[in-house]
Amino acid sequence: HTHLLAASAWVALIEGVACYSIGGITCEKIGAWRHFRFPAGEFTVWRQVSVPEHTIIEGIANPNEKDKTKKPDYHSQTVFVASWGLSDGHACYCQN
């Protein structure tokens, strides 16, 4: 299921320095670290999200099964989905 929390709210939280819980996303402050736990659901992103140092992002469950041929059950996983992507698959978007 698609998560109803607006992407702008949780993206701002991740990219910022605060640690609070919002819309099923919990944050725990441990020393200098912020540990975010996301619930099961689909979280849409429209751009790359910058994750500051000392930030942990954890989904609801491990999607890796022993049987690598099985597709993960997305209803019980945290899934981040890009709402749009590259306009030119052959362009070099990373500049060093």
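Up top you'll find the structure we're talking about.
In this text the structure is predicted, and so the values were computed from the model without any measurement. (Residues numbered from 1 in each chain as written. Predicted model: local features only at pLDDT ≥ 70, side-chain atom pairs only at ≥ 80, totals over all residues. Heavy atoms only, no water.)

K.L.:
When you look at the sheet that holds strand β1 (residues 26-30) in this model, what are you seeing that I'm missing?
P.N.:
Backbone hydrogen bonds hold the strands of a sheet together, and the pairing may be parallel or antiparallel. Taken in spatial order, the 3 strands line up as β1-β2-β4 in an open sheet, and their pairing is mixed. A strand with exactly one partner marks an edge of an open sheet, and here the two such strands are β1 and β4 (55-58). Strand after strand, the sheet turns through a mean of 20 degrees between neighbouring axes, direction not considered. Inspection of the sheet shows strand β2 (residues 33-37) paired to β4 by 4 bridges, in the parallel sense. When the sheet's bridge partners are listed, Arg37 is paired in β4 with Glu58. (Pairing = 2+ DSSP bridges. Helix = DSSP H or I, 4+ residues; strand = E, 2+ residues; numbered from the N terminus. Axes fitted to C-alpha atoms, helices over the stretch in contact; angles between N-to-C directions.)

K.L.:
It is not clear to me how helix α1 (residues 7-15) should be interpreted in this structure. Could you clarify?
P.N.:
One turn of the α-helix equals 3.6 residues, which is why residues spaced by three or four share an orientation. Looking only at α1, the buried set comprises Ala7, Trp10, Val11, Leu13 and Ile14. Buried residues along α1 cover an arc of 160 degrees about the axis, so they all sit on one side. Next to the buried residues of α1 lie β2, β3 (41-45), β4 and β5 (78-82). (Buried < 20%, exposed > 50% of the residue type's maximum accessible area, 1.4 Å probe, protein only. Arc of directions from axis to C-beta. Contact = heavy atoms within 4.5 Å.)

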